[in-house]
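# Remarks on the overall topology
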Amino acid sequence: MLNGTRGVVARCRDFTAEALADWGWIPPEDEEAGRRVEDVLLMVSEVVTNACLHAGGPEELVLRHGHGRLRVEVADASPEHPRAQVPRSPGLPGGHGLMVLDRLAGDWGTEDKGPGHVGKVVWLEVTRPSRPPWHRPGAGPS
């Protein structure tokens, strides 16, 4: 359970980096995998920051990993779902979180917490880059 907004973005990034290390995403095998790790950390920062700015802070961060896919879920107490704003100049600060998700996540969305619970969950999914066949355990020479 996450409380408040102070330091929560850094805590969630650190937690995500630790989980990615446990699951073998860190250290990355190559440059592409390294970029994917940085993308994941950026998206976690964006989703948690949005919860801080628009929903009173996140209540929970859940990471699910399996079959080369990572799912990130950030729950908050606001029933308001994020919606795209009027496009802004990329040079101006703020207002780019959903654009970041559109470009970097394999998929993302929101859902209500469910009956008896107020709030929503913003989720995103990312696939791990495939390892080249010559790096797979047990793979013979190519």
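Up top is the structure these notes are about.
These lines cover the structure that appears in this document, whether it is placed above or below. Everything numeric in this text was worked out from a predicted model, so none of it was measured.

Membership of the largest hydrophobic core comes to 26 residues, with the highest contact counts inside it found for Val72 and Leu124. Those elements that place two or more of their residues in this core are helix H1 (8-22), helix H2 (31-55), strand S1 (58-66), strand S2 (69-76), helix H3 (97-104) and strand S4 (120-127). Counting residues per element, this core draws most heavily on H2, at nine residues. With near-sequence residues (within four places) excluded, leucine 124 lies in contact with Met43, Val47, Leu70, Arg71, Val72, Leu101, Ala105, Asp107 and Trp108.

In the sheet, S1 pairs with S2 via eight bridges, with the strands oriented antiparallel. Paired with glycine 66 across the strands is arginine 69, a residue of S2.

Another point: the state of the cysteines. In total, this model carries zero disulfides according to the counting rule given. There is no disulfide at cysteine 52, and the cysteine sulfur nearest it, in cysteine 12, is 7.9 Å away. Overall, cysteine 52 belongs to the buried group, its relative accessible area being 19%.

Most of S4 is tucked away: seven of the eight residues are buried. The pairing of S2 with S4 spans eight bridges and is classified as antiparallel. Its bridge partner lying in S4, leucine 70 is registered against valine 126. Bridging between strand S3 (residues 107-112) and S4 involves six bridges; their strand directions are antiparallel. Considered in S4, the bridge of aspartate 112 is made with lysine 120.

Definitions and limits used
- Residues numbered from 1 in each chain as written.
- Predicted model: local features only at pLDDT ≥ 70, side-chain atom pairs only at ≥ 80, totals over all residues.
- Heavy atoms only, no water.
- Core = buried A, V, L, I, M, F, W, Y, C linked by side-chain atoms within 4.5 Å.
- Buried < 20%, exposed > 50% of the residue type's maximum accessible area, 1.4 Å probe, protein only.
- Helix = DSSP H or I, 4+ residues; strand = E, 2+ residues; numbered from the N terminus.
- Contact = heavy atoms within 4.5 Å.
- Pairing = 2+ DSSP bridges.
- Disulfide = S-S within 2.5 Å.

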